[in-house]
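Each chain, written out:
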Amino acid sequence: MKTIAELGPEAAGLFAELHARCFTDPWNEAAMMALLSSPGVTGLALEAGGRPTGLALVRAVAGEAEILTIGVLPEARGSGLGAQLLSACIEAARKADCERLFLEVSDINAPAVRLYEAAGFTETGRRARYYRDGSDARLMALSL
């Protein structure tokens, strides 16, 4: 069974643990606490098979929203969970009365780029050599 729950600052440790398992440059518990305590930030935790499997943070400000981070554990990727989590992010932005949803993604992360394009995101710009590995950030947006 798959569920997505909205969680707050009390889940900073869980979010930090998931982030560390999803990304090579993870955000620590203090960073997660600061974000989850910020106005307009929604924390989403995905559970599949009875265990935490993914996370997302969405920030809504002045009619626009940004996916700050979204990730699914490596062993659970390719099973549609990312699309479900992305749908929850889109719904969180709509619930916050946002007109657009933004994100950044490494141009070498082809599976993520395909996921975002399939959901209707379009590229709006780039940040050259944005990531530590030297890859560009693709800036993408979705009209809600």
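Residues numbered from 1 in each chain as written. Predicted model: local features only at pLDDT ≥ 70, side-chain atom pairs only at ≥ 80, totals over all residues. Heavy atoms only, no water.

Draft legend 1. Inspection of the packing of aromatic side chains at higher detail. Throughout the structure, instances matching the rule amount to 2 aromatic pairs. An angle of 90° between the planes, with centres 5.0 Å apart, marks the rings of Tyr130 and Tyr131 as edge-to-face. Given a relative accessible area of 41%, Tyr130 falls into the partly exposed group. (Phe/Tyr/Trp six-rings, centres within 6.5 Å; stacked < 30°, edge-to-face > 60°. Buried < 20%, exposed > 50% of the residue type's maximum accessible area, 1.4 Å probe, protein only.)

Draft legend 2. Seen up close, the nonpolar core. Grouped together as the largest cluster of nonpolar side chains are 27 residues, with contacts concentrated most on Ile67, Ile70, Leu101, Tyr116 and Phe121. Among the elements of the structure, β2 (41-48), β3 (51-61), β4 (64-72), α3 (81-95), β5 (100-106), α4 (110-118) and β7 (137-143) are those that each provide at least two residues to this core. Contacts of Leu101, omitting those with residues within four sequence positions, involve Val58, Ala65, Glu66, Ile67, Cys89, Ile90, Ala93, Phe121, Met140, Ala141, Leu142 and Leu144. Among the nonpolar cores identified, the runner-up in size contains 15 residues, and Ala11, Ala16, Met32 and Leu68 belong to it. (Core = buried A, V, L, I, M, F, W, Y, C linked by side-chain atoms within 4.5 Å. Helix = DSSP H or I, 4+ residues; strand = E, 2+ residues; numbered from the N terminus. Contact = heavy atoms within 4.5 Å.)

Draft legend 3. Up close: the sheet that holds β5. Taken in spatial order, the 7 strands make up an open sheet running β1-β2-β3-β4-β5-β7-β6, and their pairing is mixed. Taken across any chain shown, the strands that pair with only one partner, and hence form the sheet edges, are β1 (2-7) and β6 (122-127). Going across the sheet, the axis of each strand differs from the next one's by a mean of 25°, ignoring polarity. Relative to β7, β5 is paired through 7 bridges, and the arrangement is antiparallel. Opposite Leu101, over in β7, you have Leu142 as the bridge partner. The strands touched by helix α1 (residues 12-22) are β1, β2, β3 and β4; relative to β3, the strand with the most contacts, the crossing angle is about 105°. (Pairing = 2+ DSSP bridges. Axes fitted to C-alpha atoms, helices over the stretch in contact; angles between N-to-C directions.)

Draft legend 4. Highlighting the side chain of Ser135. Tracing the backbone through its elements, the reader meets Ser135 in the loop between β6 and β7. Here the side chain of Ser135 touches Ser106 through a polar contact of 2.8 Å, side chain to side chain. Ignoring any residue separated from it by four or fewer positions in sequence, one finds Ser135 in contact with Ser106, Asp107, Ile108, Arg129 and Tyr130. (Polar contact = N/O pair within 3.5 Å; in protein donor to acceptor, adjacent residues only side chain to side chain.)

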